[in-house]
Amino acid sequence: MTDSGSTDPTRIPSLPEVFLKRTFSLINSTSDRNSLSLVCKDWYNYERLTRRHVSIRNCYAVSPEIVAARFPAIRSVSLKGKPRFSDFNLVPEEWGADVQPWLSVFVTAYPLLEELRLKRMSVCDDSLEFLAMNFDAFKALSMLSCDGFSTIGLEAIATHCKNLTELDIQENGVADVGGDWLGFFPENLTSLEVLNFANLGNEVSFDVLESLVSRSKSLRVLKVNQKVSLDQLRKLLVLAPQLTELGTGTFSGDLVSSSVNELESAFSKCGNLQTLSGFWDPSLLYIPALYPVCGGLTFLNLSYSVLGADELEQILTHCKRLTRLWVLDTVGDKGLEAVGSHCPLLEELRVYPDDPLDQQSGVSESGLVAVSNGCPKLHYILYFCQRMTNAAVVTVAQNCPDFTHFRLCIMKPHEPDYLTNEPMDEAFGAIVKTCVNLQRLSVSGLLTDLAFEYIGKYAKNLETLSVAFAGNSDAGMEYVMRGCPKLKRLEIRDCPFGDSALLSGLSQCESMRSLWMSACNLTMNGCKKLAQEKAMLNVEVIKDEDGDDSLANKVYVYRTVAGPRKDAPPFVVTL
Amino acid sequence: MSSISLKQHHNNMLSSQKMDQTKTTHNQDLNFKATELRLGLPGSESPERTTMKNMVAGAKRGFLEVDFVKNGEFFGEKKNHDSSKQPSDQDSVAASKAQVVGWPPIRSFRKNSMAAKHTKNEDDPKEETGSNCVYVKVSMDGAPYLRKVDLKMYSSYSDLSSALEKMFSSFTLGQYGANGVPARKWSSESPLMGLLNGSEYVLTYEDKDGDLMLVGDVPWDMFTGSCKRMRIMKSSDAIGLGKS
């Protein structure tokens with residue numbers, strides 16, 4: 001640094017570069033590192049030279065070249081692409097978020113890349129092959145909600161990644177073209193720690209799988225697909241009792257070559273199991289085989305299992321240490337009462353709908369209240385229901401003031417409090433008033449501008465807000481834009497918010513990561529205005545095939561240092 | 001009381017078909033429970049609430065998209081470009097069958113998995129050959145053997161009745177109606193009328209609950225979903241079936 005002889009008390013004493021770099025290299029938290037980089041130019045440099053992992057939450061906010069220029073020593077990248085509403089078919093195919101441009105830069109900038117975690121990216125087989133063949137040190141690939149690839153791409157990964165420790169393909173649009181991709185793992189590959197192929201459709205050769213599991217002594221996560229039978233599962237458990245996470249596949253059919261006792265015995269040897277998932281079509285007969293491991297479980301994912309209240313209760317009586325539980329709404333309110341009774345340590349609950357169109361089934365407000373009564377540590381809830389009341393949510397907020405994530409989806413749009421027929425404003429008002437740590441909120445039901453006034457007034461830590469079929473006027477959105485300083489991601493669909501709402505949060509837009517608005521009242525002129533005011537934003541309109549050209553039906557706004565997209569398809573117009 | 005006249009029976013079948021056409025433009029997920037009697041919850045389906053919806057929507061355009069997409073999508077209200085026009089009840093019914101893209105917000109993967117599970121489970125009670133066939137036995141009083149039909153082969157009651165008539169015509173050859181006139185096989189109105197002309201026979205079926213029902217009362221899709229077997233009954237045995 002400069003003269004270390006200065007006696008000015010405000011000067012930061014200079015520390016040896018070696019010391020700083022060494023210290024910084026031990027710091028993993030990204031937010032800590034971001035803070036370090038702001039102290040002074042030297043610290044900015046030491047930080048960037050020692051950073052090993054980078055998380056890019058919007059692949060168009062920055063270019064791969066800029067990333068590579070700033071951080072030369074990266075070994076692990078996590079990359080997110082499409083707006084979240086693409087999960088619900090609101091973003092046309094061919095929109096973008098292709099991973100290849102990133103790989104093409106990484107091949108020269110990060111030849112020693114070890115980990116790649118992708119979410120909502122477009123990944124083609126050629127890219128997977130490119131990845132496999134060009135990065136000799138590559139170890140871990142994880143893809144969630146991606147699309148564009150098939151099992152052929154997986155063959156390439158299996159063939160060429162000599163040091164693979166992790167292959168995790170969950171909930172992707174992957175085409176299973178058959179063939180035996182698993183068989184492409186060489187016999188001498190023994191480094192696997194994580195293997196998740198739970199949602200591939202076709203059968204894999206069991207001999208190959210068995211051999212792979214058998215020689216992978218470090219395997220801790222194994223999630224198989226529905227084609228693996230109970231007998232086969234048992235055999236795998238015997239080979240891998242060290243597992244910490246297990247995806248059971250279908251867990252149905254009949255045990256042919258062994259008995260329930262043998263299955264139970266296999267489970268009982270798995271003393272490290274903390275997470276169970278799968279259970280696509282569980283045979284109730286064999287559920288008791290799980291009991292030996294239930295006591296140690298922290299995360300149980302039954303969100304694909306059609307279970308009733310009693311069946312769930314039977315299982316939960318053994319699962320006292322559960323902190324995370326995902327279920328289908330077939331368990332009903334009675335099943336949720338059981339959750340409240342048996343899972344006092346519960347922190348996260350997700351209740352998914354079995355049949356969204358069936359208005360008579362599912363869960364209601366009483367189930368939610370029951371859980372909140374029994375689980376004071378609850379801080380994350382995702383709840384799909386057909387009906388709800390304000391009073392219930394007020395009670396829930398009082399019972400569980402520590403909510404960080406409150407995602408309530410009343411499935412029928414504009415559904416009011418079904419007892420009072422009033423809007424659900426007070427429900428969400430109670431949540432934002434009481435739960436001061438709230439980071440993420442999804443609202444639903446009949447909502448007026450008052451709900452948004454509450455959010456703007458009280459939700460000072462809110463980072464993500466999802467809104468659908470709500471509000472009366474621009475004022476609603478304006479409350480939020482002006483009132484929530486920490487808002488990073490705002491996604492809105494089918495609300496009567498127009499141009500003035502969009503323009504009301506000009507200062508906010510720059511500190512936000514992204515804004516999505518579809519089927520609202522935006523016009524091209526309004527969007528153009530926003531684009532003109534804020535050069536650091538990309539204001540993109542996704543054009544309808546037929547539709548009024550002056551209206552902007554789907555608008556995606558995000559901050560970027562990379563300028564307008566160079567790969568935008570013809571239906572994406574950057575203003 | 002006595003069994004309904006053929007004409008009433010015929011009219012019932014035709015009107016069921018008409019209802020089919022207006023109600024089930026997207027008939028993949030016709031909910032069997034849709035016509036079950038149940039207490040409406042306060043505020044559900046009431047015209048007042050529809051009005052409130054329009055007020056909340058406000059401004060220039062309607063607030064829901066209408067899009068004909070995949071299974072499992074929620075049914076929502078149609079776009080109202082003129083928000084001052086209140087939809088009539090009948091419009092609401094038709095409009096409520098329009099689908100809303102991407103709502104409720106469930107990932108495609110999960111939606112497809114659950115949809116696959118549902119089609120699989122619905123076929124369980126009946127015999128099937130694995131690829132969505134619905135075979136049910138058809139018996140006819142007095143016939144020496146039964147027949148089996150795949151309900152999925154037919155798209156309407158008239159299709160089915162015409163097929164049944166061809167199947168069972170050999171048993172009615174030589175049968176005479178109540179008034180002594182030979183049974184006409186090819187009726188211009190309804191093929192089944194030919195078989196049943198003279199009120200000799202009535203077409204009935206056994207539903208999911210094991211009850212004996214008159215064929216033609218419910219919409220076609222609901223029938224194929226709930227029919228377990230059919231029986232061509234002598235009308236003298238069918239006293240008490242059907243509407244008065």
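Residues numbered from 1 in each chain as written. Chains lettered and ligands numbered in written order. Predicted model: local features only at pLDDT ≥ 70, side-chain atom pairs only at ≥ 80, totals over all residues. Heavy atoms only, no water.

A cluster of nonpolar side chains, contributed by I66(A), M536(A) and V561(A), occupies part of the molecular surface with about 260 Å² of accessible area. Residue V561(A) is classed as exposed on the basis of its relative accessible area, which comes to 52%. (Patch = residues over 30% accessible without salt bridge, like charges linked within 9 Å, V, L, I, M, F, W, Y side chains within 5 Å. Areas by Shrake-Rupley, 256 points an atom, 1.4 Å probe, with all protein chains shown as cover. Salt bridge = Lys/Arg side-chain N within 4 Å of Asp/Glu carboxyl O. Buried < 20%, exposed > 50% of the residue type's maximum accessible area, 1.4 Å probe, protein only.)

Before going further, it helps to spend a moment on the side chain of N538(A). Residues and elements named next belong to chain A. Note that N538 resides in strand β21 (residues 537–542). A relative accessible area of 3% places N538 in the buried class. Side-chain polar atoms of N538 contact the backbone oxygen of G563, separated by 3.0 Å. Excluding residues that lie within four positions of it along the chain, N538 makes contacts with Y556, V557, Y558, T560, G563, P564, R565 and T574. (Helix = DSSP H or I, 4+ residues; strand = E, 2+ residues; numbered from the N terminus. Polar contact = N/O pair within 3.5 Å; in protein donor to acceptor, adjacent residues only side chain to side chain. Contact = heavy atoms within 4.5 Å.)

Further remarks concern the packing of helix α2 (residues 30–37) of chain A against helix α3 (residues 41–50) of chain A. Residues and elements named next belong to chain A. Packing of α2 against α3 brings their axes to within 7 Å, and their N-to-C directions diverge by 145 degrees. Note on element contacts: α3 touches α2 through W43, Y44, E47 and T50, opposite R33, L36 and S37. Of the residues belonging to the contact of α2 with α3, the class tally is 3 nonpolar, 2 polar and 2 charged. (Axes fitted to C-alpha atoms, helices over the stretch in contact; angles between N-to-C directions. Nonpolar A, V, L, I, M, F, W, Y, C, P; charged D, E, K, R; others polar.)

This next bit is on the UniProt feature "domain: Transport inhibitor response" (unreviewed entry) in chain A. UniProt's entry tags residues 72–118 of chain A with the feature "domain: Transport inhibitor response" (unreviewed entry), counted in the numbering of this structure. Within residues 72–118 of chain A, the helical portion is 21% and the strand portion 19%, while the C-alpha atoms at the span's ends are 20 Å from each other. (UniProt positions renumbered as here; feature names shortened; annotations may be inferred.)

So, about the environment of K152(B). Residues and elements named next belong to chain B. By the secondary structure assignment, K152 is in the loop between β4 (147–150) and α5 (157–172). Accessibility expressed as a relative area gives 44% for K152, which makes it partly exposed. Sequence spacing of K152 and D221 is 69 residues, and the spatial spacing of their C-alpha atoms is 9.6 Å.

Next up on the list: the UniProt feature "domain: COI1 F-box" (unreviewed entry) in chain A. Using the residue numbers shown here, the UniProt feature "domain: COI1 F-box" (unreviewed entry) corresponds to residues 15–53 of chain A. Overall, residues 15–53 of chain A shows 69% helix and 3% strand. The separation of its end C-alpha atoms is 25 Å.

This paragraph deals with the pairing of strand β18 (residues 464–468) of chain A. Residue and element names in this part refer to chain A. Taken across its 5 residues, β18 has 5 buried, putting it largely inside the fold. Of the two faces of β18, the one holding T464, S466 and A468 and the one holding L465 and V467 are both buried throughout. As paired strands, strand β17 (residues 440–442) and β18 are joined by 3 bridges and run parallel to one another. Its bridge partner lying in β18, L441 is registered against L465. Direction of pairing for β18 relative to strand β19 (residues 489–493): parallel, over a ladder of 5 bridges. Paired with S466 across the bridge in β19 is E491. (Pairing = 2+ DSSP bridges.)

A cis geometry characterises the amide bond from W103(B) onward to P104(B), with omega recorded as -5 degrees. Summarising the element assignment, P104(B) is placed in the loop between β2 (98–100) and α4 (108–122). At R120(A), a residue that is not glycine, the phi angle is positive and equals roughly 55 degrees. Looking at where R120(A) falls in the secondary structure, it is placed in the loop between β3 (115–119) and α6 (125–134). Classification of R120(A) by relative accessible area gives buried; the value is 6%.

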